[in-house]
Amino acid sequence: MTIRRLRFSILALGGLVLFLATLPALVRLAADWYWFESLGFQRVFLTAMGTKLGLALSIGIAALVFFLANFRMAQRGLVPEPMLLRLGAGRRRIEFHGTLRRLTLPAAVLLAVLFAVAASDSWLIVLKFAHRTSFGANDPVFGRDVGYYVFVLPFLSRALGLVTAALLVALLGVAALYLLRGDIVVWRSRVTVEPSAERHLAALVAGLFAAAVVKVYLVSLPSLTYSTTGPLVGASFADLAVKVPAMRLAGGAALVACALAIAGAWRRRLFLYSGAGLGLYVGVWLAGTVIAAAVQRLVVLPNELAKEARQLEYHIAATRAAWGLDEVVVRDLAGEATLTARDIRANAGTIRNVRLWDRDPLLQTFGQLQAIRTYYDFVSVDDDRYWIDGEYRQVLLSPRELNSAALPTRTFINEHLTFTHGMGLTLSPVNQVTEEGLPVLFIKDLPPVSTVSLKITRPEIYYGELSNDYVFVNTLQPEFDYPAGDENAFTRYAGRGGVPVSSFLRRLVLSARFGSLKILLSQDITAESRALYHRRIDERAAKALPFLKWDADPYLVITDEGRLKWILDAYTTSDRYPYSQPVADGTNYMRNSVKVVIDAYDGDVRAFVADERDPLIRTYRKIFPGIFLPLDSMAPDLRAHIRYPNDLFRLQTILYTTFHMRDPASFYHREDQWQIPVVSRTGSTADPFLRHIVMRLPGERQEEYILMAPFTPRQKDNLAAWMVARNDGEHYGQLVVYRFPRQSLVYGPTQVVNRINQDTEIARQISLWDQRGSQVIRGNLLVIPIEESLIYVQALYLRAEGGRIPELKRVIVSHQNTVVMEETLDAALERLFETGSPRFAPQLAASAGGPAEGLDGIEDLIRMAAEHYDRAIAAQRAGNWALYGEEIQRVGEILAQLRRRATSSPRQQ
């Protein structure tokens, strides 16, 4: 009775420990179910959890039966000479083999649990295998559909890995048991095995060799398409000529070894026959590896291009197909044309949308001018385009988010009940500047006020890039909305978002999930309250759709109704596309197949399929029916703002620098390799030349929103081409490359930067600012295509010593050999194309309207000189010597223009 009670106590204690160990996981599971239910994404949760549970149970039970059967079989019958153990003096002896037999079940259970956990992690691999979709393209070596590599190969590899591991563990365990029982006797150099034990061991060894046969033919051979033996990714000449036949021989050797293991058991020479089979298999494999290396070194390397030409064709074609580069449209330009003032006027839409404000200076300015309170933060600046007052305008906008860490008093009520959301945004055009050098604000202040046709009716931001802590809404505590002078405005949440706290059980789960007893005890939280968690949009999207990868730059959109909604770009990816070039993380196939929209107020998540042709997203639609919506069902006001994603375009441009060469010889020698321009400058962004622009492409009739990147030849500075991703209407997603003639010289960004640095006027102005203690911030150099030519634009910002607000003070414009700097872009273009370049002087002189027009121009210049002089005197009296020097500089420039007018007057007459 005492032993039974002891056993019962041990079982009860074990059960309690198991319950306490799994309780946190159960709490997280319940909280996740509430969250998925509130989104309407129960299908994702149930499919994932059901598959994990099904795999764990099926593999766990199979492993339990397998291990238990093998261990029990190894312990059948009586032990001729049982081993007795005495644990201490005066204690009775314990029969060792009986104890070992009692441990068989716990050992089998433990191993089964380990295999079950390992199998459950493969839930997505199993689902993709079960719902696989054909790619409609075959690999060039083995003729298998690409879908085999993407869907079947990972499943077979994981399944064979589990089978091999189970057989190996069982073999080691059974051999140890037979050795302890005396069924295997090692005496000197001779090993004797009891016949039934020998047959048992032979069956396990044969199983291992059989698994090796299957792995060779179904996994190892196809995996050669990822080889990196030669100058490419994929099966090289040495792989095809040597490794493929060697692997097939190795598969045959494994089959022979399987037969030898069985024959060895019947002939009572298991170890000899199995050892011979293993030696044959390993010998063939090693021989193939050594011979392949010798062929690569002695045969291929001296004639690499001739030997690898066909494989290079496979590699180029596969990479272009996997990364969507095979659909790039290439257009040749006639060469850099000389632009005129007429060209500038004809492209007024492009000029009107030249982005003078860089994100970093603008973010600092927004933070200083529009944060309003210390607990508001501007996290990022987003690029977008809108029809504003009848004009197609590119704008920069930044949401004003709540930073709970910056609250003056951080209490449970303040952080989780009162301060729950951000408020509105700040929006400005990309190229308008006030007289003080600050951005013009179309939308500003609290509550948001718009001076243009854009309106915001629901400015609250409960879900954003910063919002990551849980909050409760519709509580008895007043919810802070925004500061209104000396008072505060309060609100009550009217959305559908969040998990209803409708029962004590839910409240208990949420209290345990967030580790706060105050949630359970607070009288402010009622049955009508709602819990909002996973509020950071990137985390929210990734949790709702965990099988997708995400672009790093989500952006906020103002709908026609005045609501704020986030758009996130999601990718379907694979690292299994045969012969394709992988990037740093191993990905060698990527599609922007999904656009996800998250409401900033409600937190609703909607996933729209953007690429119906992608086999991966078609597979996911079969796995999770009802989750993905067609892109046509997206509201038109949102669809007008979808854009080609930055991360995908960046990777495509990097790959295209090499893979635009389709001829194997050119590709091998890198004869025409390009590169993304590199300009060494402190504080420069990672991709300074990859940016969105509103412009009219060559040969098109109207401006459109594009994502653009320039290319220069490798180790050279002149421009070779530029690529755009089109974003608007029926052209969305189209990639176009505009190539300059190879014999023409078109200045690249590095050359233009050098010319700017060498310009005496610009250098003198920057030195003057630096001497006065101000910090000069040089904006990113913009490459602006106009017709079939280019202009370069760079903004200069000035930040006073100790100040935090950058002010846009100058704009530098360059075209061909000419560089000018003026206060505004219009002034710089006027000077560059009308008065600043000698080649336009005859045209201007011929088109002069007579003395009256000339007189008006001189009077304007005199008036401007007087104004700058007055400002200089005022700055001198105030002790602002930096401003004084700047104004005197402007007076000198105007006097120089007057001098040119005076000298050109006799010629005009």
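For the structure, see preceding data.
Overview of the structure. Keep in mind the model is a prediction, meaning the values are calculated, not measured. (Residues numbered from 1 in each chain as written. Predicted model: local features only at pLDDT ≥ 70, side-chain atom pairs only at ≥ 80, totals over all residues. Heavy atoms only, no water.)

Thoughts on a nonpolar patch on the surface
Alright, step 1. A grouping of L13, L16, V17, F19, L20, L23, L26 and L29 is seen on the molecular surface, where their side chains present a nonpolar patch of about 720 Å² in accessible area.
Alright, step 2. Summarising the element assignment, F19 is placed in helix α1 (residues 2-39). (Patch = residues over 30% accessible without salt bridge, like charges linked within 9 Å, V, L, I, M, F, W, Y side chains within 5 Å. Areas by Shrake-Rupley, 256 points an atom, 1.4 Å probe, with all protein chains shown as cover. Salt bridge = Lys/Arg side-chain N within 4 Å of Asp/Glu carboxyl O. Helix = DSSP H or I, 4+ residues; strand = E, 2+ residues; numbered from the N terminus.)

Brief notes about unusual backbone geometry
Alright, step 1. A cis amide bond links L446 with the next residue in sequence, P447, at an omega value of -15°.
Alright, step 2. Among the structural elements, P447 can be located in the loop between β11 (443-444) and β12 (449-450).
Alright, step 3. You will see that R268, though not glycine, has its phi angle at about 60°, which is positive.
Alright, step 4. Relative to the helices and strands, R268 resides in the loop between α8 (237-266) and α9 (270-300).

Focus: helix α22 (residues 749-758)
Alright, step 1. Those residues of α22 not exposed but buried are P749, T750, V752, V753 and I756. All buried residues of α22 lie within an arc of 160° about the axis, which places them on one face of the element. (Buried < 20%, exposed > 50% of the residue type's maximum accessible area, 1.4 Å probe, protein only. Arc of directions from axis to C-beta.)

Details of the side chain of D637
Alright, step 1. Residue position: D637 is located in helix α19 (residues 636-639).
Alright, step 2. No salt bridge is formed by the buried D637, whose closest oppositely charged neighbour, K565, lies at an N-O distance of 7.2 Å.
Alright, step 3. Polar side-chain contacts of D637 include one of 3.0 Å to the backbone nitrogen of D560.
Alright, step 4. Look past the residues within four positions of D637 in its chain and what remains in contact with it is T559, D560 and E561. (Lys, Arg positive; Asp, Glu negative; His and termini not counted. Polar contact = N/O pair within 3.5 Å; in protein donor to acceptor, adjacent residues only side chain to side chain. Contact = heavy atoms within 4.5 Å.)

Remarks on the pairing of strand β23 (residues 605-609)
Alright, step 1. Of all five residues in β23, four are buried; the element is thus mostly enclosed.
Alright, step 2. As paired strands, strand β22 (residues 589-599) and β23 are joined by five bridges and run antiparallel to one another. Residue I598 lies in a different strand from β23, and its bridge partner there is V605.
Alright, step 3. Counted between consecutive antiparallel strands, the loop separating β22 from β23 contains five residues, among which G603 sits at a positive phi close to 80°.
Alright, step 4. Summarising the sheet, β23 and strand β24 (residues 628-630) pair through three bridges and their orientation is parallel. Looking across to β24, one finds that F608 is bridged to L629. (Pairing = 2+ DSSP bridges.)

Considering the sheet that holds strand β17 (residues 499-500)
Alright, step 1. With antiparallel pairing, the three strands of this open sheet are ordered in space as β14-β18-β17. The sheet is open, and its two borders are formed by β14 (471-473) and β17, each paired with just one other strand.
Alright, step 2. As defined by bridge partners, β17 adjoins strand β18 (residues 530-532) across two bridges and the pair is classed as antiparallel. Its bridge partner being in β18, V499 is matched across the sheet by A531.

A short note on the packing of helix α5 (residues 123-130) against helix α6 (residues 146-181)
Alright, step 1. At a closest axis distance of 9 Å, the pairing of α5 and α6 adopts a crossing angle of 130°. Between α5 and α6, the angle is such that the two are oblique. Seen along the crossing, α5 lies across α6 with a hand that is left-handed. Across the interface between the two elements, I125, V126, K128 and F129 of α5 pack against F151, V152, P154, F155 and R158 of α6.
Alright, step 2. Within the contact of α5 with α6, the residues separate by chemical class into seven nonpolar, no polar and two charged. (Axes fitted to C-alpha atoms, helices over the stretch in contact; angles between N-to-C directions. Parallel < 35°, antiparallel > 145°, perpendicular 65-115°, else oblique. Left-handed = near helix turned anticlockwise from the far one by under 90°. Nonpolar A, V, L, I, M, F, W, Y, C, P; charged D, E, K, R; others polar.)

Side note on the pattern of salt bridges
Alright, step 1. Taken as a whole and judged by the stated rule, the model has 36 salt bridges.
Alright, step 2. Across the salt bridge formed by D383 and R355, the nearest N and O atoms sit 2.2 Å from each other. With D383 in strand β7 (residues 382-388) and R355 in the loop between α12 (348-352) and α13 (359-370), this pair connects stretches of sequence that are 28 residues apart. Comparing D383 with R355, the two get one shared label, buried.
Alright, step 3. Linked by salt bridges that have partners in common, R355, R359, D383, D553 and R643 make up one network.

A closer look at the nonpolar core
Alright, step 1. Within the largest apolar cluster, 81 residues are counted, with the highest numbers of intra-cluster contacts made by L427, Y533, L545 and F628.
Alright, step 2. The element best represented in this core is α1, accounting for six residues.
Alright, step 3. Those residues in contact with L427 that sit more than four places away from it in its chain are Y386, V395, L396, L397, V440, L441, F442, I443, L454 and I558.
Alright, step 4. Counting residues in hydrophobic clusters, the runner-up holds 64 residues, among them L396, V776, L808 and L832. (Core = buried A, V, L, I, M, F, W, Y, C linked by side-chain atoms within 4.5 Å.)

Digging into the packing of aromatic side chains
Alright, step 1. Under the criterion given, the structure shown has 38 aromatic pairs.
Alright, step 2. On the numbers, 6.2 Å between centres and 70° between planes, the contact of F135 with Y577 is edge-to-face. Remark: Y577 occurs in the loop between β21 (564-574) and β22 and F135 occurs in the loop between α5 and α6; sequence separation between them is 442 residues.
Alright, step 3. Geometrically, the ring pair formed by F480 and F490 is edge-to-face, given 6.4 Å between the ring centres and 85° between the ring planes. One end of the pair, F480, is in strand β15 (residues 479-484); the other, F490, is in strand β16 (residues 487-491), with ten residues separating them in the sequence.
Alright, step 4. Residue classification places F480 among the buried residues on the basis of a relative accessible area of 3%.
Alright, step 5. Three or more aromatic residues joined by ring pairs make a cluster, and in this case those are Y375, Y376, F419, F480 and F490.
Alright, step 6. Just above the ring of Y148 sits the side chain of R144; from NZ or CZ to the centre is 4.7 Å.
Alright, step 7. When the ring centre of Y747 is taken as reference, the NZ or CZ atom of R755 above it lies at 5.7 Å. (Phe/Tyr/Trp six-rings, centres within 6.5 Å; stacked < 30°, edge-to-face > 60°. Lys NZ or Arg CZ within 6 Å of the ring centre and 35° of its normal.)

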